[in-house]
Amino acid sequence: MIWRLVVLTPLILLLRCADGSTTFRRTHRHASRSRRDVGSSSKVPRGPPFSSCLVPLTPEEHRVLDRSTHETGFHGDDGSYVILTWVGDETGVVLVLSTISAPIDSFLSGGSSRLYRSTDYGKSFHDISQRINHTFIKEEFGVSVGPGSSVILTADTPVVDHPGGIIFTSTDAGATFKFIQLPFHLAEPITYHFLNPDYLVALSIDGSLWLSLDFGAKWTKVHDGVHSFSWGGGVNLFFSCSKVDTVEADERGDLRLKRTNNLGKTFTTIHEDIYSFGYIGTFLFFSVMEDPRSPRVMYFSSDQGDTFSKALLPSASTEQFYSILDGDEDMLFMHVDLPGDTYFGTMYTSDDRGILFSKSLERHLFDGQRKSDFTNVTSLRGVYLTNKLDRDGRIRSVISFNRGGTWHQLSKPDNVDCAVDVKHCHLHVHGEHSRNNQVVPMLPLTEPSAVGLVLAHGSVGDALSSTQHPDVFVSSDGGYTWRGTLRGPHHYSILDSGGLIVAVEAQREGQVKTIKFSTDEGQCWKSYNFTEQPFFFAGLSSEPGTKAMNVSVWGFRPEDDGQPMWVAVTIDFQSLITRECGEQDYDEWLAHSTNGGTSEDDGCVLGVKETYRRLKKRSVCRNGRGYTVVKKRSSCPCTREDFLCDYGYHRHVNTSECVRESSVNKTLEACLEGEEDELLTAGYRKVPSDQCEGGFSPQLAVQTVIHPCGVKPSPDPAAGSDSAVTHFDTPRERLVLILVCAGAGVIVLIAVVSSVLAVRKVMHRNRIPAYRFSNLQLQDDHHSCAAEHESGNGTACLMTLS
């Protein structure tokens, strides 16, 4: 039986997405223009009205922006799409690869590519195609940017009559390139090590794994028959490979998981008969087909594969799948699908070892195309946003401020009122599900340096609406309160660490020439016409990290010969906002505060109060590139909210106390090869990364010993092969058995046994439950990270492991 495993892997995003790559595609507009004329009278229903604060530009502001706007037309470029990539940190270097797709018979004739370079943050570009000998670059490989200023371009070399592929490498942000002939043909883009740009790993089309330690100059074959690979911590490299027969080995779960921790010199087999594997945060995880007639099971390791533990999660049938939504060094978010085409499942959160999972949210939305609306609000610690499919068939948004401990509906925006017939008026946010259906152009946007700031498309009412025209809403406090800020869908970007927001209205069929910007976190906006000749919009691009104050608007317009020409317009707002922020421009803000800091526990989330130094909304100044987030932290006393219900327990509906599950005595598939561990618990466990001290202490409650496995321990070898030990659930049961067997008159024996039990109870109380399972094996479902990845600002990398 097969589990489909869909995984979001932020760690891998650092390799392929943190470079700030953006792809803009050109679409044909002839058909859409004719449809626009036919349907121009139809109007899309709008949600409850609200007023956007629009402030006109002064003549002087208009003149300053005109002098700071730079337009580049890529004349004669017939590329069907461009890839824009930022290189290095604060270098100002932007590489643009323009490519026209190769024809189907590309083995005989390739396409064409042009490479452009900017050294002034996109204000001007120079054609540097001659530096790569005008070579056709693989469209699907794009521009690979690694740590530092390293760049790799992969040529689209025909396999026939060529012993290997060709790459161009640069260590100076594209100023120069080196030609390298590979001894193999690449099956997917080359993967950088997280920290060392000289360490490269590649997979060839014949399934061989290759390693380079000198930035591609020399390559060594590491292993044959490899299906997928992933860097781990340090120089640990994990990969799955076929045992002997490579035909459908991944589908049968016949793969072997291996690890090398010395760059290919020696190998260790971690586990046999795996189906898939991945690496996220500090967790190595994999699925194993222990029995061809049963579903796969999930295992996790937090020590680079030295030991493994089975995840205590509900089993999944053929129609179900697992999805790791997010993860870091402290915990994982896991979605377990419900059987059938339900489009929803249950979300669980793990402990800090990825073993014990607690129920976090029921009826979590996961649509038929394996898309989840789960969003990490990176601008405030502990905040997550997602959508659920309620029993009435409607989609509603929920938000958690304590890492999935509790979920709430979003509050109604301050400046929006629902109709009188709407019983439950809330904001509902569009996510990946809506973007996939072209309801909205962008996902929710947050940045760690813009503390508390959230931009999102949404609708206000009883549930999320796909027919209602979506508007843009903003939160300045991490999602506690919201305001309607822009009518209609927009593309938006955060600049200057949140001191500046820019937006361009999404036009499905029209052309654009106006950009809106706000210096007060979206309370008011100004509009600027950045070009005299409108063009079809392709996308916004700004330097990753939100430090810059310039943004590029990309698109295309027809030339005189009727062919489309790529256009980039870069607006530098630094010339408009010239004053550097001073101490008087900042104030202190208590995060997660709901009553103005009047109570002792106000602002306490995950055991900590955090007070940030934030820019005042009325201050028109620039944070600058040297800006860093400043905060003060203080611990809080523990409360019930700092604890989750432990494995085998659930939260009581009326009292919120953790009560024991009725099914806890049943076999829960938590053992391997008969090994069993006792879980000593009071029914509670602290939320991962929670730092509260004192206060509520569930350890004082009566503790219960749970045997998750329900398997009898192995006979004592010293007692002979025929002897067996009967297992009882609690010390009381053991005591009763001893009393019955020994008789009421054996006082001495009772005293001895009672002492032993007391000592054992103390030992259990002081030890951390460990789940030790060895001799496991692992493999990756569907090429670990072979898919296109997208990072940052609430977007996520979707990796299908099947």
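Residues numbered from 1 in each chain as written. Predicted model: local features only at pLDDT ≥ 70, side-chain atom pairs only at ≥ 80, totals over all residues. Heavy atoms only, no water.

Looking only at helices and strands, one finds seven helices and 52 strands in the protein. Carbon and sulfur atoms make up 52% of the accessible area of the protein, which amounts to about 35000 Å² in all. (Helix = DSSP H or I, 4+ residues; strand = E, 2+ residues; numbered from the N terminus. Areas by Shrake-Rupley, 256 points an atom, 1.4 Å probe, with all protein chains shown as cover.)

With 27 residues, the main nonpolar core has L410, L427, V460, F473 and W482 as its most contacted residues. Among the secondary structure elements, those contributing two or more residues to this core are strand 32 (426-429) and strand 33 (454-461). Among the elements that line this core, the one with the most residues is strand 33, at three residues. L57, V502, L576 and I577 belong to the second largest nonpolar core, which has 25 residues in total. (Core = buried A, V, L, I, M, F, W, Y, C linked by side-chain atoms within 4.5 Å. Buried < 20%, exposed > 50% of the residue type's maximum accessible area, 1.4 Å probe, protein only.)

Moving on, we get to helix 3 (residues 59-67). For helix 3, the set of buried residues is E61, V64 and L65. An end-on view of helix 3 places all buried positions within 95° of arc, on one side of the element. For helix 3, exposure combined with an orientation more than 90 degrees from the buried face picks out P59 and R67. Of the surrounding secondary structure, the elements contacted by the buried residues of helix 3 are strand 4 (69-74), strand 38 (514-518), strand 39 (524-529) and strand 42 (564-572). (Arc of directions from axis to C-beta. Contact = heavy atoms within 4.5 Å.)

Quick look at the sheet that holds strand 4 now. The strands making up a sheet are joined through hydrogen bonds of the backbone, oriented either antiparallel or parallel. Taken together, the four strands give an open sheet; going across it, the order is 4-42-41-40, and neighbouring strands pair in antiparallel fashion. The sheet is open, and its two borders are formed by strand 4 and strand 40 (536-541), each paired with just one other strand. Put simply, the sheet's adjacent strands are angled 20° from each other on average, direction ignored. (Pairing = 2+ DSSP bridges. Axes fitted to C-alpha atoms, helices over the stretch in contact; angles between N-to-C directions.)

Let us now look at the state of the cysteines. Within the structure shown, the criterion is met by six disulfides. Between C53 and C524 runs a disulfide, and the two sulfur atoms are separated by 1.9 Å. Looking down the S-S bond of the C53 and C524 bridge, the torsion is 85°, so its handedness is right-handed. Placement of the pair is C53 in strand 3 (residues 53-54) and C524 in strand 39, with a sequence separation of 471 residues. (Disulfide = S-S within 2.5 Å.)

Scanning the entire structure with this criterion turns up four cavities of 30 Å³ or more. Each pocket or cavity is described by its volume, and for the largest cavity that value is around 150 Å³. Around the largest cavity, the lining comprises 16 residues; the ones closest to its centre are S497, G498, G499, E521 and L615. For the lining of the largest cavity, the per-class residue count stands at five nonpolar, six polar and five charged. (1 Å grid on protein atoms, 1.4 Å probe; cavity = no way out; pocket = protein on both sides within 12 Å on 5 of 7 lines; lining within 4 Å. Points joined across faces, edges and corners; volume = space filled by probe spheres on them. Nonpolar A, V, L, I, M, F, W, Y, C, P; charged D, E, K, R; others polar.)

For R622, the location among the structural elements is in the loop between strand 44 (608-615) and strand 45 (631-635). For R622, a relative accessible area of 14% translates into the label buried. Here the side chain of R622 touches Q574 through a polar contact of 3.2 Å, landing on its backbone oxygen. Among residues more than four places away in sequence, those in contact with R622 are D496, M549, Q574, I577, T578, R579, E580 and C581. (Polar contact = N/O pair within 3.5 Å; in protein donor to acceptor, adjacent residues only side chain to side chain.)

This model, assessed by the stated rule, comprises 30 salt bridges. For the salt bridge of R557 with E71, the shortest nitrogen-to-oxygen distance reads 3.0 Å. Of the two residues, R557 sits in strand 41 (residues 550-558) while E71 sits in strand 4, which places them 486 residues apart along the sequence. With relative accessibility at 7%, the residue R557 sits in the buried group. With a shortest N-O distance of 2.5 Å, E610 and R633 are connected by a salt bridge. Taken as a pair, E610 in strand 44 and R633 in strand 45 lie far apart in primary sequence, 23 residues in all. Residue E610 is classed as buried on the basis of its relative accessible area of 2%. For R633, a relative accessible area of 41% corresponds to the partly exposed category. Each of K388, D390, D392, R394, R396 and D462 takes part in salt bridges that share partners, so that together they form one network. (Salt bridge = Lys/Arg side-chain N within 4 Å of Asp/Glu carboxyl O.)

Relative to the assigned elements, D351 resides in the loop between strand 26 (344-350) and strand 27 (357-365). A distance of 3.0 Å separates a polar atom in the side chain of D351 from the backbone nitrogen of G354. Contacts of D351, omitting those with residues within four sequence positions, involve F283, D330, M331, L356, R685 and P688.

Glancing now at unusual backbone geometry. Phi at N133 is positive, roughly 55°, even though this residue is not glycine. By the secondary structure assignment, N133 is in the loop between strand 8 (126-127) and strand 9 (143-145). Classification of N133 as exposed rests on a relative accessible area of 54%. The phi torsion at T546 lies on the positive side, around 60°, for a residue other than glycine. T546 sits in the buried class, given a relative accessible area of 3%.

It is worth spelling out the packing of aromatic side chains at this point. Considering all chains together, one arrives at 28 aromatic pairs under this definition. Between the aromatic rings of F74 and Y116, the centroid separation amounts to 4.7 Å while the plane-to-plane angle is 75°, which identifies the pairing as edge-to-face. Here F74 is found in strand 4, whereas its partner Y116 is found in strand 7 (residues 112-118), with 42 residues between them in sequence. The buried category is assigned to F74, whose relative accessible area is 5%. Put simply, the rings of F74, Y116, F125 and W554 pair up and form one aromatic cluster. Sitting over the face of the ring of F344, R363 holds its NZ or CZ atom 4.0 Å from the ring centroid. (Phe/Tyr/Trp six-rings, centres within 6.5 Å; stacked < 30°, edge-to-face > 60°. Lys NZ or Arg CZ within 6 Å of the ring centre and 35° of its normal.)

Right, let's talk about the environment of H433 for a bit. Of note, H433 is situated in helix 5 (residues 432-436). Remark: the alpha-carbon pair of H433 and N387, spanning 46 residues in sequence, is separated by 9.4 Å.

Our next topic: the confidence of the model for the protein. Detail in the predicted coordinates should be disregarded across regions flagged by low pLDDT. The predicted model of the protein averages 79 in pLDDT, with 76% of residues at 70 or higher. Highest mean pLDDT in the protein belongs to strand 38 (98); lowest belongs to helix 1 (residues 10-16) (28). In this model, residues 665-675 is a region of pLDDT below 50 whose contacts with residues beyond four sequence positions or in other chains number 31 contacts. In this model, residues 709-741 is a region of pLDDT below 50 whose contacts with residues beyond four sequence positions or in other chains number 37 contacts. (pLDDT = per-residue confidence, 0-100.)

Pairing within the open sheet is antiparallel, and its five strands lie in the order 2-5-6-7-8. At either margin of the open sheet sits one strand with a lone partner, and together these are strand 2 (22-25) and strand 8. As judged from the seven bridges shared by strand 5 (residues 81-87) and strand 6 (residues 93-100), these two strands associate in the antiparallel manner. Directly across from I83, in strand 6, lies its bridge partner L97.

This part is about the environment of S689. Tracing the backbone shows S689 in the loop between strand 50 (684-686) and strand 51 (704-706). Classification of S689 by relative accessible area gives partly exposed; the value is 25%. Put simply, S689 and R403 are 286 residues apart on the chain and 9.4 Å apart in space, counted from C-alpha to C-alpha. Aside from chain neighbours lying at most four places away, what touches S689 is D330, R403 and L606.

Below, the discussion takes up the pairing of strand 40. Counted residue by residue, strand 40 has five buried out of six residues, so it is predominantly covered. Examined bridge by bridge, strand 40 and strand 41 share five bridges and lie antiparallel to one another. The residue bridging F537 from the neighbouring strand is G555, located in strand 41.

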